[in-house]
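Structural description and commentary
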Amino acid sequence: MTAELVRGQNHPLDRTRVEIRVTAGSPVMAGVALGDEQGRLAGAEAVAHPGAPRRTGIEVPRQAAAEHRIAVDLDALPAAVHRVSVLLALTGGTGLTTFGPAAAPAVTVTGLDGTALARYTVTGLGAESAVVAVELYRRQGGWKVRAVGQGYAGGLTAMLGDQGLPQAAELAAEIEEAVGRGQARAVPAPDPVAVSRSERPGAGPAAAARPSSAHPPASDGPAASGTRPGTGPGTEPENVPGTAPGAGAQAGAGTPGSAAPAPVGGARVDYRHPKRRSTPAPAGPAPAAPAPAATPAPAAPASPVAGDAAGWSMEERLYNQVWGMFEDLARSVAAYRSASGFAESRLEQELDQALSDPRNRHGTAADEARAAARDKHAALVTQARAALDRDLAQLAAESAVVEPALPPAFARWDHPVWQGHHAPSTRPMALRLGDLHLPEVLDLRIPMLVRLPLERGLWVDSGPESYAAGSGPDPGRDIPRRELGSALTDGPPDEADLRRLAMETAVAIAARLLAIHPAGDFSVQVIDPGGTAAPALAPLVESGVLPAAPVPGVQGVTAVLEALTRRVDLVQMAVRHRAADSLPPDLDPADQLLIVHDFPHGFDDRALTRLRYLADEGPAVGVHLMLVADRAQARDHGPVLDPLWRSLLRITPVPDAHLADPWVGHAWTYEPALAPKGSQVVRQVLSRVAAARRPS
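The rules we used
- Residues numbered from 1 in each chain as written.
- Predicted model: local features only at pLDDT ≥ 70, side-chain atom pairs only at ≥ 80, totals over all residues.
- Heavy atoms only, no water.
- Core = buried A, V, L, I, M, F, W, Y, C linked by side-chain atoms within 4.5 Å.
- Buried < 20%, exposed > 50% of the residue type's maximum accessible area, 1.4 Å probe, protein only.
- Helix = DSSP H or I, 4+ residues; strand = E, 2+ residues; numbered from the N terminus.
- Contact = heavy atoms within 4.5 Å.
- Pairing = 2+ DSSP bridges.
- Axes fitted to C-alpha atoms, helices over the stretch in contact; angles between N-to-C directions.
- pLDDT = per-residue confidence, 0-100.
- Salt bridge = Lys/Arg side-chain N within 4 Å of Asp/Glu carboxyl O.
- Expected span 1.5 Å × (residues − 1).
- Right-handed = clockwise from strand over helix to strand, strands pointing away.

What follows is about the nonpolar core. Core analysis: the largest hydrophobic core is formed by 75 residues, its most contacted members being Leu329, Trp413, Leu433 and Ile595. Ranked by the residues each element gives to this core, the list is headed by helix H6 (residues 495-516), at 12 residues. Once residues lying within four places of it in the same chain are set aside, the contact partners of Leu433 are Met448, Val450, Leu458, Ile509, Leu649, Tyr670, Pro672 and Ala673. Listed in part, the 59 residues of the second largest apolar core include Leu5, Ala24, Leu77 and Val122.

Spelled out as structure tokens, the structure:
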């Protein structure tokens, strides 16, 4: 059964040698791009196109045509190739400049026996002149096909440039030139000419001196796309009624004493001796038709394995695998939403059509039309949900084996890895800030991993207004109210609970950063002008990781900001002049995390300027910022702080749908990574961090 894909949907492939068939409403150029895990191209040699039709494991047609066949051997591809993208483009001389006026191109992935595995019709194209139709990509030791449908109004240059090719314009010009050469080599079909009965093939002696129409002159160009050599039209001789195959071309050749007519117009030459009689060989039995090849049964999905992704270390492989799960879930849900939306629009159209005539709005015919439209809608939604459930089952199985294998930097606080945790010897590559999920599947959480060192500061939003505005009904999303609960509260939190949870979230992130860095490589400083964060800071202070409680008031704000600003200035000068040995001995070389509680309370204009300076310049020299603030309290400062808010990554102390993925832009619900209620794991981990810092 052929899988009919919609944009964003994927389908597993049960074989590695496939053929990609392209049909379009006008001649198009077909090519293939071989990309890495992120889809980036290593260079022009990673693109198979009419000017260079053969790459390892890939062969594409040599000219533009309305039909193409692309041969793909996935096992033969280099190990660095993770994505095989099928590119279609309208080039000069193909008749059209955009895909809009033509019929939508369709791409079908088939087996070598012609069995269709998946099909995608690229709809919705308008001003685009190039499109990435589908891509084949590695997943858990196997391959999948994904419907992409990404169009580019800028043509080949824009499409190749978007895939990270620096010389995109040069390669696009080379492809245009190759397509032009292919069109120049193509032999146009002759105009039809009326002939008399005596001039028709096989009707008289003149037939021996004329080339048979079944053997046209061969051109110096390639075979037309979509027909392989020896199998297309015009490769088998026609049988003229009443004659044997080829009898017209050999008339008079077997008569003794008769001279063979001179070949005219490229007719076949008879090399037999003119006076030697030839006895036709007796016709043997017709060869038996080959037995049809047995269609292999679809292979079962491979069992998920932790670390089944590219990377130099297990940590990097797990990081890439988690991001792969993130992308798969985003695209699977996008396909489901697209299919559901299509079903809804089709239902409305069919109901409108059935009820457009007032005479048919009542009665049995109207009821049957409504029932048929609703049945089609239910069938489409059921089919889309089945495809989504299939993908979710695979992702859930993968999550079940990946989550227990995660290192401390990626693991939840209830993971057993924390029970025997010790200070690592190397810095981590990423940090788990929390979990992400979508309303279609609430029980499948994707770890939210961000690379280290942090390139952006963090903002833990403690304001109640944003949650009140964001928790209302959204016509495009169905998020239950129970998502707004927290692991530490029994119901929706009030303003005081939000402030407490916001500071606990900041402390949990700080504790994780301290635990996953080598001893002495990371430090935490806190600004708390009002002195109200003492309960949340207790684990840091009691363990000794934070030497003392922060000094309240303006003095505490000024002292911390001056020290960190001085550190940023000195390190910048040392890096700029390559004089790291000249740093003062009292300068702490460890990376610094500054937690600012209840911002902007206690900040004057000078302090605000220093804080913005740290947010902009600090990450490059190891000074990172985390604000715990309610933006509504900073309204008195006007737009001065807008650049600061935009530079920070907003996270929330309670689940909230405000983050978007980079592929399809879903609104993902973020849930902070907090320790289970009543757990002492954070205090235990901080105690081990403090013990590792003490000189032995």
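Text resumes after the structure shown.
So, about the sheet that holds strand S13 (residues 430-438). Strand order in the open sheet made by the 4 strands is S14-S13-S21-S20, with antiparallel pairing throughout. Two strands in the sheet have a free side with no partner beyond their single neighbour: strand S14 (441-451) and strand S20 (656-660). Strand after strand, the sheet turns through a mean of 50 degrees between neighbouring axes, direction not considered. One ladder, built from 4 bridges, connects S13 with strand S21 (residues 667-672); its direction is antiparallel. Within S21, the position partnered with Leu436 by the bridge is Tyr670. Helix-sheet contacts for H6 involve S13 and S21, and the interaxial angle to S13 is about 135 degrees.

Let us look at the confidence of the model for the chain. On average, residues of the chain carry a pLDDT of 80, and 78% of them reach 70 or more. Low confidence marks residues 278-282, where pLDDT is under 50. Its contacts with residues over four positions away, or in another chain, come to 1 contact. For the stretch residues 469-490, pLDDT sits under 50, and the model shows 35 contacts to residues farther than four places along the chain or on other chains.

Counted under the stated rule, the structure contains 35 salt bridges. Arg15 is paired through a salt bridge with Asp14; the nearest N and O atoms lie 2.9 Å apart. Between Arg139 and Glu398 there is a salt bridge, with its nearest N and O atoms 3.1 Å apart. In this pair, Arg139 sits in strand S11 (residues 130-139) while Glu398 sits in helix H4 (residues 364-402), placing the two residues 259 residues apart along the sequence. Through salt bridges with shared partners, a single network forms among Arg83, Glu135, Arg139, Arg146, Glu327, Asp328, Arg331 and Glu398.

In this model helix H9 (residues 605-617) runs 18 Å from its N-terminal to its C-terminal C-alpha over 13 residues, within 8% of the 18 Å that 1.5 Å per residue would give. Looking at the buried side of H9, the elements it contacts are helix H8 (553-576), strand S17 (591-599), strand S18 (623-629) and helix H10 (642-647).

With that out of the way, let us pick up the pairing of S17. Counting buried positions over the 9 residues of S17 gives 9, a clear majority of the element. Relative to S17, strand S16 (residues 522-527) runs parallel, the two being bridged by 6 bridges. Bridge pairing links Ile527 to Val596 in S17. Pairing between S17 and S18: 7 bridges, direction parallel. Counterpart to Leu594 in the pairing with S18 is Leu625. Handedness of the crossover is the feature at issue here: the chain leaves S17, passes through H9, returns alongside S18, and the resulting connection is right-handed.

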